[in-house]
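Residue-level structural notes
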Amino acid sequence: MEHNLAHTIALLARTPAALSALLRDLPEAWTLRNEGENTWSAFDIVGHLIHGERTDWMPRARMILQFGETQAFVPFDRWGQERESEGKPLGQLLDEFARLRLEGLGELRAWNLRQEDLEKRGRHPALGEVNLSEVLAAWVVHDLTHLHQISRVMAHQYREAVGPWSAYLGVLQCAGHSAP
């Protein structure tokens, strides 16, 4: 499937509600536990998504439209959520993520991007030349990756409780995406 801006916005607009429906008001045993050393909990992942809203997706899209390839993107701090989320309850993070996503998508819609805009190029510090369409498509897949990660991290909490069924529960067999 080729990148489609309307499809991108449709999915990105749903992520905050999906997270809220899954995580809001759950006991902390579900939301604060991870899969072991150097892995994230659902709480950490929501914080990471907020950090990305502030410092990654829309800021990089703006840079492409303003500066093209003349300025490289600022490197993304994959652990930036730790200090930003500290001391906040998960409900507050979910609300913050929903607000930031709504604002970002409002700005994205207001740009009225054309195909030639989507083809404009920027410079990623590690990946090199990328275009706006790729940035926006990656934003969608990033959301989906972390939705998958949250379901896997939560399932991991019952890995022993399910007993012999673990062999049939694919989410317990998946080992990727947690190591940031």
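The sections below set out a description of the structure shown in this document. Remember, it's a predicted structure, so these values are computed and weren't measured experimentally.

Parameters at a glance
- Residues numbered from 1 in each chain as written.
- Predicted model: local features only at pLDDT ≥ 70, side-chain atom pairs only at ≥ 80, totals over all residues.
- Heavy atoms only, no water.
- Helix = DSSP H or I, 4+ residues; strand = E, 2+ residues; numbered from the N terminus.
- Rg over C-alpha atoms; globule rule 2.2 N^0.38 Å.
- Buried < 20%, exposed > 50% of the residue type's maximum accessible area, 1.4 Å probe, protein only.
- Contact = heavy atoms within 4.5 Å.
- Expected span 1.5 Å × (residues − 1).
- Bend = angle between axes of the 7 residues up to and from the residue.
- Polar contact = N/O pair within 3.5 Å; in protein donor to acceptor, adjacent residues only side chain to side chain.
- Pairing = 2+ DSSP bridges.
- Core = buried A, V, L, I, M, F, W, Y, C linked by side-chain atoms within 4.5 Å.
- Salt bridge = Lys/Arg side-chain N within 4 Å of Asp/Glu carboxyl O.

Helices and strands together make up the secondary structure of the protein, namely 9 helices and 2 strands. Moving toward the C terminus, one meets the helices and strands of the protein in the order α-α-α-α-α-α-α-β-β-α-α. On C-alpha atoms alone, the protein measures out to a radius of gyration of 18 Å, which is about the 16 Å that the 2.2 N^0.38 rule sets for 180 residues. By its C-alpha atoms, the protein is 55 × 35 × 30 Å across when sized along the principal axes. Here the protein, with 180 residues, has 39% of them falling under the buried criterion. Across the protein, every contact between residues at least 6 apart in sequence was considered, and the portion connecting residues at least 24 apart equals 75%.

Turning to helix α1 (residues 5-23), a few remarks are in order. Between its first and last C-alpha, α1 extends 28 Å over 19 residues, near the 27 Å set by a 1.5 Å rise per residue. A maximum bend of about 30 degrees is found in α1 at threonine 15, where proline proline 16 lies one to four positions downstream. Where α1 begins, one side-chain oxygen reaches toward the backbone nitrogen of alanine 6, 3.0 Å away; that side chain belongs to asparagine 4. Of the residues one or two after α1, aspartate 25 is the one with positive phi, at around 65 degrees.

Here strand β1 (residues 121-124) runs beside strand β2 (residues 128-131); their pairing, made up of 4 bridges, is antiparallel. Each residue of the ladder has a partner; that of histidine 124, found in β2, is glycine 128. Linkage of β1 to β2, two consecutive antiparallel strands, is achieved through a turn of 3 residues.

To continue, consider the nonpolar core. Leu108, Leu113, Leu132, Leu136 and Trp139 are the most contacted members of the largest nonpolar core, which totals 19 residues. Listing elements by their share of this core, those giving two or more residues are α1, α4 (57-67), α6 (90-110) and α8 (132-156). If we skip the residues at most four places from it in the chain, leucine 108 touches Leu5, Ile9, Met58, Leu113, Leu136 and Trp139. Core analysis: the next-biggest nonpolar cluster, separate from the first, contains 16 residues, Leu19, Leu23, Ile45 and Leu94 among them.

Under the counting rule described, the total for this entry stands at 15 salt bridges. Put simply, arginine 54 and glutamate 84 hold a salt bridge, and the shortest N to O gap is 3.4 Å. Here glutamate 84 lies in helix α5 (residues 81-85) and arginine 54 lies in helix α3 (residues 42-55), a separation of 30 residues in the sequence. Assessed through its relative accessible area of 36%, arginine 54 is described here as partly exposed. Given a relative accessible area of 23%, glutamate 84 falls into the partly exposed group. Ionic pairing is found between glutamate 116 and arginine 114, a salt bridge with its closest N-O pair at 2.6 Å.

What follows deals with the side chain of threonine 8. Along the chain, threonine 8 falls in helix α1. Residue threonine 8 is classed as buried on the basis of its relative accessible area, which comes to 4%.

Shape is all these values report; function is a separate question.
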